[in-house]
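What follows is each chain in one-letter form.
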There are 2 protein chains.
Amino acid sequence: MIVLNNPKENVLLTALERPQLEQRDLSELIKEVFDSVRSEGDAALLRYAEKFDGFTLTDFFVKESEIFDAVNGLDKELKAAIAQAARNIEEFHTRQKEPIQKVETMPGVTCWRRSVGIDKVGLYIPGGTAPLFSTVLMLAIPAKIAGCKEIILSTPCNSEGTIHPAILFAAQLVGVTKIMKLGGVQAIAALAVGTETVDKVYKIFGPGNQYVTAAKQYAQTLGTAIDMPAGPSELMVVADESANAQFIAADLLSQAEHGNDSQVIFLTTSDALILEVKKEVHQQLELLPRKAYASKSLEFAKLIQVRQEQLVGVINEYGPEHLILSTQYDDQLVESITNAGSVFIGKYTPESLGDYASGTNHTLPTNGFAKMYSGVSLDSFVKKITYQEVTPAGLRLIGPIVEKMAAAEELTAHKNAVSIRLKELRENGI
Amino acid sequence: MIVLNNPKENVLLTALERPQLEQRDLSELIKEVFDSVRSEGDAALLRYAEKFDGFTLTDFFVKESEIFDAVNGLDKELKAAIAQAARNIEEFHTRQKEPIQKVETMPGVTCWRRSVGIDKVGLYIPGGTAPLFSTVLMLAIPAKIAGCKEIILSTPCNSEGTIHPAILFAAQLVGVTKIMKLGGVQAIAALAVGTETVDKVYKIFGPGNQYVTAAKQYAQTLGTAIDMPAGPSELMVVADESANAQFIAADLLSQAEHGNDSQVIFLTTSDALILEVKKEVHQQLELLPRKAYASKSLEFAKLIQVRQEQLVGVINEYGPEHLILSTQYDDQLVESITNAGSVFIGKYTPESLGDYASGTNHTLPTNGFAKMYSGVSLDSFVKKITYQEVTPAGLRLIGPIVEKMAAAEELTAHKNAVSIRLKELRENGI
């Protein structure tokens, strides 16, 4: 951990810089996989699953019976916990529905917009050490509320060809329509270009390693939308002397355990608190099963003391994915913060709550993207179509304005489309 | 114009395919310009303005006095028309504001989200034959409503080093904070990487030629957000025998005059109407100043007769940027349409109204992107930050759920962040 007490402006700015990740150029590999999937379809998917992941599959769609077994076999308490989290997430995202509001901008000129679910979406859930069923909830619940008709989930299976029952349970609970046992580049390629059995989707969501990220970026260049650019997860905790050092240490560690490249920043007005937090982190770290990951990312963790009047500036300059506030002036901070993904307010609101169950979405902008991107929400799964309907009386009011503007932009046919209608109204005495 | 009467499924699908645009590989040129702007700043901008556009500039920021002269010199009626259009656009986009709604997903667990304007945005307005002041309104008005602090507009000047007064008038009317006389790749580079005088922006909006489009795409790979992928403009008109052939012809021509590559599709249940519309198009075309452009794009225009029950399927398969409905069952169509940018309902609602003044935005998804992208709206200029605040009582309810889920995902530190707080509550008898 790197401690900075009242650093100068330039030192502070350097400390807040994200590390430049070494990015291998994967473009040739990605293009090869996409091209093969496009030309050979399922056969290419099966071949790559064997080549990259060591799975020999004959069929990559999860069967009803597999879901049935998973649902029956899963620990009851875990099922109840997942179901409650799903209800909270559903409640929060349902409230994001936008009612249709008809706006009469001029008498007889009525405009409105309507949200319509994206017909076909693909959700990618990474494999790896832990079964990320929480991400299934975070992506599939808003997709369902949005009215997406096809919700295709893809996740790699283990060496026995099976998927963790908690993922299958979560997927069936929230209405995923199809589950594929495919991981990595070939999964994204299947969703982006389609095969004889996989429907091409319009938008792909979900986290993943550098291969998945590069494949999503390539899919975007082909015209498939993606949720947002990806980067390592981040947490910034902001606290004053009223905060609890044990809690802060636990929060910093919850971020650090994600992986070697997790970004962990502690910002405080109190140098005493930095010492306490540091001590607590060392103590709590010892007991963690994922100590190896956490230690690595903690090496680069920054504990920074600044003056109270600097806090807002530093937060907004960094734009953290997750921001925990534990000060006596949280309310004031909340008002002034403009760049953050999700904010956790007060001593009893650890990031973990939002990661799993409070109701907010855990798919959030990293890498400073909070400056211009929102996290995933209901909005991410809909398009908003605009409508307008104009009466003859409305056209007589707005028509001359449009004629004037179109003429000034030298678009005569645009003007004519109005003039020809106004002429008809005059001729018919309407 | 290509006429298809009741085509077979495969012929119909082929007719609806967008032409594959020949895309020159501009990546080397774009990278060179971006690199030079990054290393040399304004000097590079001035050099490229001279090299690519033939402008010798010493200063590329528009001065107060230039705006003053433009505002005073511009035709009064045009100013009044622009001001009324601005009011309508403002009214419609203001109603898109989302009030903060606090949602208690469980007792003591409160979640909400807040929209915050993107601090710095760049708006690109192309030069060329006509001054696109309407696009200034469409981009700057929602930016202002969103609360964007810096709204930088860039547009190429003419050979005298000046910008059309209608663009300057529109820009000052709606609160653009800075105007730059820069076009093409160097304008996008300046906005994306910044120079000693130009602030790097977080998101770039606006139409442009293939250079501008490629530069925006490159900026996106560097971490600057862009409004949406670009493509040639499109109009689909859907009508039955109740429609007016003259109006339809005028609408098709208003789309065709945009440029050689404009997409024009007329879909109807009536073969008689196709013949009438065709005749009308030829007659009206003769009188257009932009006849050359319009004729070229009309060569590929499709006039298609289908059965009534096919209409919705064809519209949604194509996903037009602009859709005009003129049938006796417009209301039913509106309910069933899921893929379109903006819809114009009824005989007296030509596309021109939305292009300029009805209130809806004219920056819309082309190229079938209506399947997954919305047009520009207030949403495009904000990020939605989520918040949660949990009371001790709330934590006692939600805590065990999160502990269970975190343990199942094998993220022990996530679990600990909750457990350590629950323990403190127990110890303090809260």
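Residues numbered from 1 in each chain as written. Chains lettered and ligands numbered in written order. Predicted model: local features only at pLDDT ≥ 70, side-chain atom pairs only at ≥ 80, totals over all residues. Heavy atoms only, no water.

### Comments concerning the domain arrangement of chain A
All names here are of chain A. Domain boundaries in chain A define domain 1 (2-21 + 232-359), domain 2 (27-97 + 119-228) and domain 3 (391-427). Just the C-alpha atoms count here: the centres of domain 1 and domain 2 sit 32 Å apart. Contact residues are listed per partner, giving 8 residues for domain 1 and 8 residues for domain 2. Area buried by domain 1 at its contact with domain 2 is led by Tyr 356, Ala 357 and Gly 359, which between them contribute 70% of it. The interface formed by domain 1 and domain 2 holds 0 salt bridges in total. (Domains from an automatic or database assignment. Contact = heavy atoms within 4.5 Å. Buried area = accessible area lost by both parts, 1.4 Å probe. Salt bridge = Lys/Arg side-chain N within 4 Å of Asp/Glu carboxyl O.)

### Thoughts on the nonpolar core
Met 405 of chain A together with Phe 34 and Leu 137 of chain B are the most contacted members of the largest nonpolar core, which has 106 residues in total. The element best represented in this core is helix α6 (residues 133-146) of chain B, accounting for 10 residues. With 105 residues, the next largest nonpolar core counts Ile 151, Ala 171 and Tyr 356 of chain A together with Ile 398 of chain B among its residues. (Core = buried A, V, L, I, M, F, W, Y, C linked by side-chain atoms within 4.5 Å. Buried < 20%, exposed > 50% of the residue type's maximum accessible area, 1.4 Å probe, protein only. Helix = DSSP H or I, 4+ residues; strand = E, 2+ residues; numbered from the N terminus.)

### Remarks on the layout of surface pockets
Gaps between atoms show up when a probe of the same size as a water molecule is rolled over them. The calculated volume of the second largest pocket comes to roughly 340 Å³. As for the second largest pocket, its lining consists of 19 residues, and the residues nearest its centre are Glu 98 and Pro 99 of chain A together with Lys 97, Glu 98 and Pro 99 of chain B. Of the residues contributing to the lining of the second largest pocket, the split by class is 7 nonpolar, 4 polar and 8 charged. (1 Å grid on protein atoms, 1.4 Å probe; cavity = no way out; pocket = protein on both sides within 12 Å on 5 of 7 lines; lining within 4 Å. Points joined across faces, edges and corners; volume = space filled by probe spheres on them. Nonpolar A, V, L, I, M, F, W, Y, C, P; charged D, E, K, R; others polar.)

### Brief notes about unusual backbone geometry
Its identity is not glycine, yet Asn 6 of chain A carries a phi of approximately 40°, on the positive side. In this fold, Asn 6 of chain A is placed in the loop between β1 (2-5) and α1 (9-16). Looking at Asn 6 of chain A, the relative accessible area reads 44%, which means it is partly exposed. Phi is positive for Glu 410 of chain B, close to 60°, though the residue is something other than glycine. Tracing the chain through its elements places Glu 410 of chain B in the loop between α16 (392-408) and α17 (412-427). Accessibility expressed as a relative area gives 42% for Glu 410 of chain B, which makes it partly exposed.

### Brief notes about the side chain of Thr 349 of chain B
Mapped onto the elements, Thr 349 of chain B comes out in the loop between β13 (342-345) and α15 (351-356). From its side chain, Thr 349 of chain B meets the backbone nitrogen of Val 390 of chain A in a polar contact 2.9 Å long. Aside from chain neighbours lying at most four places away, what touches Thr 349 of chain B is Gln 388, Glu 389, Val 390 and Arg 421 of chain A together with Phe 344 of chain B. (Polar contact = N/O pair within 3.5 Å; in protein donor to acceptor, adjacent residues only side chain to side chain.)

### Some words on helix α12 (residues 291-299) of chain B
Residue and element names in this part refer to chain B. Of all the residues in α12, the buried ones are Ala 294, Ser 297 and Leu 298. Each buried residue of α12 sits inside an arc of 105° when the element is viewed along its axis, so together they form one side. At its buried positions, α12 is contacted by α10 (245-256), β10 (263-268) and α11 (271-285). (Arc of directions from axis to C-beta.)

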